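# Fold and geometry: a report
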Amino acid sequence: MTISRGTVVIRSAALSLQPPLPQIADNSRLRLFSGSANVPLSQEVARYLGMDLGPMVRKRFADGELYVQIQESIRGCDVYLMQPTCCPVNDHLMELLIMIDACHRASARQITAVIPYYGYARADRKTAGRESITAKLVANLITQAGADRVLAMDLHSAQIQGYFDIPFDHVYGSPVLIDYIANKQLSDIVVVSPDVGGVARARAFAKKLDDAPLAIIDKRRQAHNVAEVMNVIGDVAGKTAVLVDDMIDTAGTICEGAKILREQGARQVYACATHAVFSPPATERLSSGLFEEVIVTNSIPVPEDHCFKQLTVLSVANIIGETIWRIHEDSSVSSMFR
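Residues numbered from 1 in each chain as written. Predicted model: local features only at pLDDT ≥ 70, side-chain atom pairs only at ≥ 80, totals over all residues. Heavy atoms only, no water.

### Focus on the overall build of the chain
The criterion, for reference: Here a helix means four or more residues in a row that DSSP labels H or I, a strand means two or more in a row labelled E, and each is numbered from the N terminus. Relative accessibility under 20% of the residue-type maximum defines a buried residue, over 50% an exposed one, and the middle range a partly exposed one, all with a 1.4 Å probe and only protein chains included. Exposure was quantified through the Shrake-Rupley algorithm and a 1.4 Å probe, taking into account, for residues, occlusion by the shown protein chains and nothing else.
A tally of regular secondary structure across the chain gives 8 helices and 15 strands. For the chain, buried positions account for 54% of its 338 residues. Accessible surface computed for the chain: about 15200 Å², of which carbon and sulfur atoms make up 47%.

This is the structure we're talking about:
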């Protein structure tokens, strides 16, 4: 494993996945295209699969409208369109829908939307009157645009899979995070969920780390992106606390969690999350000295001006590439995570 801190993506050997090209029976019908949201990740996935990204033209009209054209024949092909719906969310979501529509009209045999980060996922149910369930709305848009299958990573809530009436493959970035933490050989680890809703995720993470003990931070949220921490359930005194979440947005929740862990006597605090959303003022909060290290994946690109000394970025290209290969070969995806 090659490790560089701060700005460079780390290559992880998690799962010991090898490029599968020699095993693909009909690679000629596999096509991979990338939207503009995370081209470097798409290029890594293409290299894993031993192929090139398909040629495509993307441009904007003077009024801001998006234009997409696929520049090779995809008639009868299995097409995979990679596009996390990260910031600017609306532009990237619309680009994905246009890409799907273009492939549908070009007579692709099967279209799979590969969404490393699924935006609009936080509104997955009504918690007050007259609210929209945007996670379901986005599911409808993707389906109606012409997608035949969806591949997504670390959904904000797993129930979103049920919003789709087409096959849905849900994969996890946790193997690369766990592999990295395990190789650091930290002592007295306690895995911490920053809220009650993330307990299942933290428990699964702890189980993979030799059944490490689990702690939970009980909090009350007063408004969106504002969290008030109440107390810690579990023993963290003198231990190395590993906070685990699916995403870091403004970093309010995870930083408040780190503060109370320090107050409760935690010796070291690490933060792990799949999606580095990093909305302001996340970078300032995360680099304030609360954490020994903040570990994320490249499901979302991390701009250079959002990097800081404690940040480590791990690549999930092998996991996504392996999943694409298994879908194409009609093999099991869930067996990757057993």
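So much for the structure itself; the text now carries on.
### Structural notes on the pairing of strand β2 (residues 30–34)
Put simply, the rule reads: A pair of strands is considered paired only if DSSP assigns at least 2 bridges between the two.
Among the 5 residues in β2, 5 count as buried, and that is most of the element. Across the two faces of β2 the burial is the same, with L30, L32 and S34 and R31 and F33 all buried. Here β2 runs beside strand β5 (residues 78–82); their pairing, made up of 5 bridges, is parallel. Counted as the bridge partner of F33 is L81 from β5.

### With respect to the nonpolar core
Short version of the rule: Nonpolar cores are built from buried Ala, Val, Leu, Ile, Met, Phe, Trp, Tyr and Cys residues. Side-chain atoms within 4.5 Å join them into one set.
Membership of the largest hydrophobic core comes to 43 residues, with the highest contact counts inside it found for L32, V45, V191, F205, I320 and I324. Counting 35 residues, the second-largest nonpolar core is a separate cluster that includes V68, I115, A152 and Y163.

### What about the sheet that holds strand β8 (residues 168–171)?
Just so we agree on the cut-off: Where helices are involved, their axes are fitted lines through C-alpha atoms of the stretch in contact, as for all axes, and angles between N-to-C directions lie from 0 to 180°. Residues count as neighbours in contact if any of their non-hydrogen atoms are within 4.5 Å of one another.
The 5 strands lie next to each other as β2-β5-β6-β7-β8, forming an open sheet whose pairing is parallel. Looking at the sheet topology across the chains shown, the edges are occupied by β2 and β8. Strand-to-strand twist across the sheet, computed as the mean angle between neighbouring axes with direction ignored, equals 15°. Both strand β6 (residues 110–115) and strand β7 (residues 149–153) contribute to a ladder of 4 bridges, which runs parallel. Paired with A113 across the strands is V150, a residue of β7. This element, helix α1 (residues 39–49), spans β2 and β5 of the sheet and lies at about 160° to β2. Those strands touched by helix α8 (residues 317–328) are β2, β5, β6, β7 and β8, and its axis lies near 155° from that of β7.

### Description of the packing of aromatic side chains
This is how it is decided: Any two of the Phe, Tyr and Trp rings considered here, Trp counted by its six-membered ring, make a pair once their centres fall within 6.5 Å; the pair's planes then place it as stacked at under 30 degrees, edge-to-face at over 60, or tilted in between. Charges are assigned to positions over rings by a cutoff of 6 Å between ring centre and Lys NZ or Arg CZ, combined with an angular limit of 35 degrees from the ring normal.
By the definition in use, this model includes 5 aromatic pairs. Plain terms: the ring middles of F278 and F308 are 6.3 Å apart, the flat faces sit at 45° to each other, and that makes the pair tilted. With F278 in the loop between β13 (268–276) and α7 (282–286) and F308 in the loop between β14 (293–297) and β15 (311–314), the pair connects residues that are 30 residues apart, well separated along the chain. Judged on exposure class, the residue F278 and its partner F308 are both buried. Following the ring pairs from residue to residue traces out a cluster consisting of Y118, F164 and F168. One cation-aromatic arrangement involves K59 over Y67; the distance from NZ or CZ to the ring centre is 5.1 Å.

### Remarks on the pairing of strand β4 (residues 66–70)
Relative to β4, strand β3 (residues 56–60) runs antiparallel, the two being bridged by 5 bridges. Looking at β4, one finds that K59 is bridged to Y67. A loop of 5 residues connects β3 with β4, the two strands running antiparallel in sequence, and G64 in this loop sits at a positive phi of about 100°.

### Quick notes on the side chain of E322
We count it as follows: Polar contacts here mean pairs of N or O atoms no more than 3.5 Å apart (in protein, one a potential hydrogen donor and the other a potential acceptor; neighbouring residues in sequence count only if both atoms are side-chain atoms).
Position of E322 among the secondary structure elements: in helix α8. Exposure remark for E322: the relative accessible area of 4% places this residue in the buried category. A distance of 2.9 Å separates the side chain of E322 from the side chain of R326, its partner in a polar contact.

### A closer look at the pattern of salt bridges
Oppositely charged side chains may form a pair once their charged atoms are brought near each other. How we decide: For salt bridges, the criterion is a side-chain nitrogen of Lys or Arg within 4 Å of an Asp or Glu carboxyl oxygen.
If you walk through the whole model with that rule in mind, you get 13 salt bridges. The closest approach of N and O atoms between R109 and D78, which form a salt bridge, is 2.7 Å. Here R109, found in the loop between α2 (89–105) and β6, pairs with D78, found in strand β5; they are 31 residues apart in sequence, far enough to count as distant. Taking the relative accessible area as the measure of exposure, R109 reaches 53% and is therefore exposed. Under the relative-accessibility criterion, D78 is labelled buried at 6%. With a closest N to O distance of 2.8 Å, R125 and D124 form a salt bridge.

### Digging into the packing of α1 against α8
For clarity, the cut-off: Should an angle fall under 35 degrees it is called roughly parallel, over 145 degrees roughly antiparallel, and 65 to 115 degrees roughly perpendicular, with every other angle called oblique. By convention, the crossing between two helices is left-handed when the near helix turns anticlockwise from the far helix through less than a right angle, and right-handed when the turn is clockwise. All residues other than Ala, Val, Leu, Ile, Met, Phe, Trp, Tyr, Cys, Pro, Asp, Glu, Lys and Arg, Gly among them, are scored as polar; the first ten of these are nonpolar and the last four charged.
Running from N to C, α1 and α8 point in directions that differ by 55°, and their axes come no closer than 8 Å. What the angle tells us is that α1 and α8 run oblique. Helix-helix and strand crossings are classified by hand; for α1 and α8 the assignment is right-handed. Residues L41, E44, V45, Y48 and L49 of α1 pack against A317, N318, I320, G321, E322, I324 and W325 of α8. A breakdown of the residues in the contact of α1 with α8 according to their chemical character gives 8 nonpolar, 2 polar and 2 charged.

### Structural notes on the side chain of H275
Here H275 is to be found in strand β13. On the accessibility criterion, H275 (1% relative accessible area) is buried. Engagement of the side chain of H275 in a polar contact is seen with the side chain of S299, the distance being 2.7 Å. In this view, H275 contacts P116, Y117, M153, D154, D246, M247, I248, S299 and I300; residues no more than four positions away in its chain are not counted.

### Side note on the confidence of the model for the chain
When pLDDT drops low, the exact placement of atoms in the prediction is not to be read closely. Test applied: Confidence scores labelled pLDDT are given residue by residue by the predictor and lie between 0 and 100.
With 89% of its residues at a pLDDT of 70 or more, the chain shows a mean pLDDT of 91. In the model, residues 1–14 has pLDDT below 50 throughout and makes 43 contacts with residues more than four positions away in sequence or in other chains. Here residues 21–25 is a poorly scored stretch, pLDDT under 50, and it has 10 contacts once near neighbours within four places are set aside; other chains count.

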